[in-house]
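# Commentary on secondary and tertiary structure
In case you want the letters, here they are:
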Amino acid sequence: MYYYILNPASGGGRINKIQDRLKSKLKELGIAGEFVKSIGEGDVTKLTTMGIRKGYKTIVAVGGNGTINEVINGVGNSGVAVGIIPIGEKNELAKSLGISDWQSACNILAARKIETLDIGRVGKSYFITSVDIGFEAEMAQQKPAESSILHKTLYYKKALSWSSKFKPQKATLNLNDEYMVDTDFFNIKITNSHVSVRKKEGAGNMLDVLVTGKMSPLNSLKYIVNPDSLKQEKKPDLSLFRTKRVVINTSKTAPVSVDGKVLYKTPVLCEISNRKLKIIVARKKSPLKSAQATQKVSKK
């Protein structure tokens, strides 16, 4: 039996509109199970722990990146499998695993192909998608609690005004206690390379540290509306480092977002943890291409 954890707020409450169709589809596929809903901050992690105590072997996150992150942090070392039904506005992890929408997610859950992934750790939190420092973390910090059109409009209006005043900051990256890199950054994104390159040779058990340097006011506006609208090769001062461990210090204290939620401030340590995660993926996957960029580094 499957244990489904729904986040009613994901996708502006979209789950409430498709819930009956979702349950009908899962029943048709023979994977109906218990459904529970989160009601507040940190509730998903608690519900995950509860499901494990009940003996469920598959915990399914029905929501966006934040919901998935809470499930991952609640699973611990239990060894249960994690499934995903993407509902939220941002579903980078689901897409990287070959899960395009909730309909295909149901079929993927039924097929039950499981991969074991390395996961990252920042502070006391585990992550599988990304950690951001800089522009995206600042944006996450200003994101409204409600997802109505009015709140979104006010958010973007404020963000567009704020972005024109955003200045790149200075940071020092300590990579594996071997290399030190000093850089100006618009945004620093740490991702799990195992997920981003999907088991290509040499991938896995590493973190990708993507540093975006200076950005023009026009590009920063585009970045707000859609971060994916700017092709990697057109971003200025783009640098990619692959490492197991990175300590990031910034000239001024900066917020650190984990899978879209601000949880920490710099300085911060990100590393590959010793935990493994069993996750249900599509049988046919389209690998995401990691950015190809290099930057000279100075030997410590």
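Residues numbered from 1 in each chain as written. Predicted model: local features only at pLDDT ≥ 70, side-chain atom pairs only at ≥ 80, totals over all residues. Heavy atoms only, no water.

A word on helix 1 (residues 15–28). For helix 1, which comprises 14 residues, the first-to-last C-alpha distance of 19 Å matches the rise-based estimate of 20 Å (1.5 Å per residue) to within 8%. At Arg21, helix 1 is bent by approximately 30°, the largest bend along its length. Taken residue by residue, helix 1 has Ile15, Ile18, Gln19, Leu22 and Leu26 as its buried positions. Structurally, helix 1 contributes buried residues whose contacts are with strand 1 (2–6), strand 2 (33–37), strand 3 (58–63), strand 4 (81–86) and helix 5 (102–111). Remark: Gly30 follows helix 1 within two positions and exhibits a positive phi of approximately 80°. (Helix = DSSP H or I, 4+ residues; strand = E, 2+ residues; numbered from the N terminus. Expected span 1.5 Å × (residues − 1). Bend = angle between axes of the 7 residues up to and from the residue. Buried < 20%, exposed > 50% of the residue type's maximum accessible area, 1.4 Å probe, protein only. Contact = heavy atoms within 4.5 Å.)

Quick look at the confidence of the model for the protein chain now. Confidence along the protein chain averages 80 in pLDDT terms, with 74% of residues attaining 70 or more. Within the protein chain, strand 13 (residues 245–250) carries the highest mean pLDDT (96), whereas strand 17 (residues 298–299) carries the lowest (39). In the predicted structure, residues 197–203 sits below a pLDDT of 50 and forms 18 contacts with residues beyond four places in sequence or in another chain. Low pLDDT, under 50, characterises residues 285–300; the predicted model gives this stretch 41 contacts beyond four residues in sequence or across chains. (pLDDT = per-residue confidence, 0-100.)

Take the packing of aromatic side chains next. As enumerated under the stated definition, the model contains four aromatic pairs in all. Where Phe135 meets Phe186, the ring centres are 4.6 Å apart and the plane angle is 20°; that geometry is what we call stacked. Remark: Phe186 occurs in the loop between strand 9 (179–185) and strand 10 (187–192) and Phe135 occurs in helix 6 (residues 135–142); sequence separation between them is 51 residues. Here Phe135 and Phe186 have matching classes, each one buried. Lying across the ring of Tyr126, Arg275 places its NZ or CZ 4.1 Å from the centre. (Phe/Tyr/Trp six-rings, centres within 6.5 Å; stacked < 30°, edge-to-face > 60°. Lys NZ or Arg CZ within 6 Å of the ring centre and 35° of its normal.)

This part is about the pattern of salt bridges. Oppositely charged side chains are able to pair whenever their charged atoms sit close together. This structure, assessed with the given rule, holds ten salt bridges. The closest approach of N and O atoms between Lys54 and Glu34, which form a salt bridge, is 2.8 Å. A residue pair is termed long-range when its members are at least 10 positions apart, and Lys54 in the loop between helix 2 (43–53) and strand 3 and Glu34 in strand 2 qualify at 20 residues. Close ionic contact of Arg245 with Asp177 constitutes a salt bridge, the shortest N to O distance being 3.3 Å. Of this pair, Arg245 sits in strand 13 while Asp177 is found in the loop between strand 8 (169–175) and strand 9, placing the two residues 68 residues apart along the sequence. Among the ionic contacts, a cluster of salt bridges with common partners joins Arg121, Asp177, Arg245 and Glu271. (Salt bridge = Lys/Arg side-chain N within 4 Å of Asp/Glu carboxyl O.)

With respect to the secondary-structure elements, Leu6 resides in strand 1. What makes Leu6 buried here is its relative accessible area of 2%. A C-alpha to C-alpha distance of 9.5 Å links Leu6 and Ile39, two positions 33 residues apart in sequence. When near neighbours in sequence (up to four residues on either side) are disregarded, Leu6 contacts Ile15, Gln19, Phe35, Val36, Lys37, Ser38 and Val62.

Take Glu271: it is sitting in strand 16 (residues 268–281). Here Arg121 takes part through its side chain, which lies 2.7 Å from a polar atom of the side chain of Glu271. Among residues more than four places away in sequence, those in contact with Glu271 are Ile119, Gly120, Arg121, Leu207, Lys244 and Arg245. (Polar contact = N/O pair within 3.5 Å; in protein donor to acceptor, adjacent residues only side chain to side chain.)

Here we come to the sheet that holds strand 11 (residues 207–212). Each strand in a sheet pairs with another by means of backbone hydrogen bonds, the pair being arranged parallel or else antiparallel. If you walk across this open sheet you meet the six strands as 12-11-10-7-14-15, and the pairing is antiparallel. The outermost strands of the open sheet, each flanked by one partner alone, are strand 12 (239–243) and strand 15 (261–265). The average undirected angle you get between the axes of adjacent strands in this sheet is 25°. (Pairing = 2+ DSSP bridges. Axes fitted to C-alpha atoms, helices over the stretch in contact; angles between N-to-C directions.)

In this section: the packing of helix 1 against helix 5. At a minimum axis distance of 10 Å, the contact between helix 1 and helix 5 shows a crossing angle of 25°. Classed by the angle they form, the pair helix 1 and helix 5 counts as roughly parallel. The two elements helix 1 and helix 5 cross, and the hand of that crossing is right-handed. In this structure, helix 1 contributes Ile18, Arg21, Leu22, Lys25 and Leu26 to the contact, and helix 5 contributes Trp102, Gln103, Cys106, Asn107 and Leu109. In terms of residue class, the contact of helix 1 with helix 5 is built from six nonpolar, two polar and two charged. (Parallel < 35°, antiparallel > 145°, perpendicular 65-115°, else oblique. Left-handed = near helix turned anticlockwise from the far one by under 90°. Nonpolar A, V, L, I, M, F, W, Y, C, P; charged D, E, K, R; others polar.)

This part is about unusual backbone geometry. Working note: non-glycine residues mostly have negative phi, and peptide bonds are mostly trans. Here the bond from Thr266 into Pro267 is cis, since omega is 5°, no more than 30 degrees from zero. Note that Pro267 resides in the loop between strand 15 and strand 16. The phi dihedral of Arg112 is positive, around 55°, even though this residue is not glycine. Checked against the element boundaries, Arg112 lands in the loop between helix 5 and strand 5 (113–122). Its relative accessible area of 32% is what places Arg112 among the partly exposed residues. The backbone of Asp177 sits at a positive phi, close to 60°, despite the residue not being glycine. For Asp177, a relative accessible area of 46% puts it in the partly exposed group.

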